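Each chain, letter by letter, is given below.
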Amino acid sequence: ATVGAGSYAGSVGAIGDSISIAVSLVNTTIDNTIKASLNGSNVTANDITVQARETNNVDTDAQATAVATNLSLGGLTLAGGGAENVVTITNTVEAEIIGNNTGDVVKAHEDVLVDAESNTTVDAEVGVVSVAAGVFSLAASGGVVNVTATPTVRANTDTVTINADNVTVDSDATFGIQGDAFGVT
């Protein structure tokens, strides 16, 4: 997501004020549930794989520009810009083999894999520029990037008998997060 805001104020005369304000907000929330399950079954196979995978690629920008000019002999010239970029990821990824307490048996001639994966990449940017030009001038800029990634990733087996050469139960979460903020006044 890309969000931009721009504002310009100008004045000409003996006495005049110019005030320019620009604000840009990005709020991205991802809250999914991904589940793979073998539940309450008797299964016989060569290989058995129960796998839940989830991938998030988030690229967001919040930009704001405020410009105020005053060609008057008196008066105030004010420019203010602000931008905020918030990304929140709270997914649940689950892979499971679950019995229902009735003697469920999962039999593989070779391998059983229960695997849950969450892969998150976030690039969040904020840019703010504020310019005030006049006899009595003031400009201010501010930007905030806030990224929270707290997925729940689970792989498990419960109340089931598993017969196999190899049984692998694995859960992984990987993150690549970059947040950049700049302001020019």
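Residue positions are given per chain, counting from 1 as you read along its sequence in written order. It should be noted that, the model being predicted, local features are given only for residues of pLDDT at least 70 and side-chain atom pairs only at 80 or more, the latter also being counted only at that level, while totals for whole chains, interfaces and linings use all residues. To obtain the side-chain values, all non-hydrogen atoms of the structure were included, while hydrogens and water were left out.

Student: Whenever I open this one, the overall build of the protein confuses me. Can you help?
Tutor: Scanning the protein for helices and strands turns up 0 helices and 13 strands. The way it works is that DSSP assigns letters per residue, a run of H or I at least four long becomes a helix, a run of E at least two long becomes a strand, and they are numbered from the N terminus. If you list the helices and strands of the protein from N to C, you get β-β-β-β-β-β-β-β-β-β-β-β-β. Taken over C-alpha atoms, the radius of gyration is set against a globule rule of 2.2 Å times the number of residues to the power 0.38. Computed over its C-alpha atoms, the radius of gyration of the protein comes to 28 Å, more than 25% above the 16 Å expected for a compact globule of 185 residues. Taking the principal axes of the C-alpha coordinates as reference, the protein spans close to 90 × 25 × 15 Å. Exposure is judged per residue with a 1.4 Å probe applied to protein chains only, and the accessible area is read against the type maximum: over 50% gives exposed, under 20% gives buried, and values in between give partly exposed. In the protein, which comprises 185 residues, the share counted as buried stands at 37%. Between two residues, a contact is recorded if the distance between any of their heavy atoms is within 4.5 Å. Residue pairs at least 24 apart in sequence account for 83% of intrachain contacts in the protein once pairs closer than 6 positions are excluded. As displayed, the protein has an accessible area near 9,400 Å², and 49% of this comes from carbon and sulfur atoms. Residues counted as positive are Lys and Arg, residues counted as negative are Asp and Glu, and His and the chain ends are not counted. Each charge is placed at NZ for Lys, CZ for Arg, CG for Asp and CD for Glu. The averaged location of the 21 negative side-chain charges in the protein is 15 Å from the averaged location of its 4 positive side-chain charges. The accessible surface values rely on the Shrake-Rupley method and a 1.4 Å probe; as for residues, cover is taken only from the protein chains in view.

Student: How should I be thinking about the nonpolar core in this particular structure?
Tutor: What tends to happen in soluble globular proteins is that the nonpolar side chains get buried as a cluster. Only buried residues count toward a nonpolar core. Its members are Ala, Val, Leu, Ile, Met, Phe, Trp, Tyr and Cys residues joined through side-chain atoms within 4.5 Å. If you look at the biggest cluster of nonpolar residues, it comprises 16 residues, and the most contacted ones within it are I48, V50 and I97. Contributions of two or more residues to this core are made by strand 3 (33-39), strand 5 (48-70), strand 7 (92-98), strand 8 (105-108), strand 9 (111-133) and strand 11 (152-158). Not counting residues up to four positions away in its chain, the partners in contact with I48 are L38, V43, V106, K107, A108, D111, V112 and L113. Ranked by size, the runner-up nonpolar core spans 11 residues in total, among them V26, A79, A83 and V128.

Student: In this structure, what is going on with the side chain of S24? I would like to understand it.
Tutor: In this fold, S24 is placed in strand 2 (residues 18-30). Whenever a nitrogen or oxygen atom comes within 3.5 Å of another N or O atom, the pair is scored as a polar contact, on the condition that within protein one atom can donate a hydrogen and the other can accept it, and that pairs from neighbouring residues in sequence are kept only if both atoms are in side chains. Within the structure, the side chain of S24 is placed 3.2 Å from the backbone oxygen of V3, a separation counted as a polar contact. Contact partners of S24, with chain neighbours within four places excluded, come to V3, G4, A5, A62, Q63, A64, G82, A83 and E84.

Student: Sorry if this is basic, but what is going on with a nonpolar patch on the surface here?
Tutor: A contiguous nonpolar patch, built from I19, I21, V23 and L25 and spanning about 430 Å² of accessible area, is present on the exposed surface. Examined against the element boundaries, L25 turns out to sit in strand 2. The exposure class assigned to L25 is exposed, which follows from its relative accessible area of 56%. Residues enter patches when they are more than 30% accessible in relative terms and free of salt bridges; like-charged ones are connected within 9 Å and nonpolar ones (Val, Leu, Ile, Met, Phe, Trp, Tyr) within 5 Å. A pair is scored as a salt bridge if a Lys or Arg side-chain nitrogen falls within 4 Å of a carboxyl oxygen belonging to Asp or Glu.

Student: I'm lost on the side chain of D115 in this one. Help?
Tutor: Mapped onto the elements, D115 comes out in strand 9. As a buried residue without a salt bridge, D115 has its nearest oppositely charged side chain in R53, at a separation of 4.3 Å. Engagement of the side chain of D115 in a polar contact is seen with the side chain of Q51, the distance being 2.9 Å. With sequence-adjacent residues up to four places away left out, D115 is seen in contact with V50, Q51, A52, R53, A95, A155 and D170.

Student: Sorry if this is basic, but what is going on with the pattern of salt bridges here?
Tutor: Oppositely charged side chains are able to pair whenever their charged atoms sit close together. This structure, assessed with the given rule, holds 3 salt bridges. R53 is the salt-bridge partner of E117, the closest N and O atoms lying 3.6 Å from each other. Taken together, the residues span a long stretch of sequence, with E117 in strand 9 and R53 in strand 5 at a distance of 64 residues.

Student: What should I look at first to understand the environment of T55 in this one?
Tutor: Residue placement: T55 occurs in strand 5. In this structure T55 comes out as exposed when scored by relative accessible area, which is 55%. Remark: the alpha-carbon pair of T55 and D31, spanning 24 residues in sequence, is separated by 12 Å.

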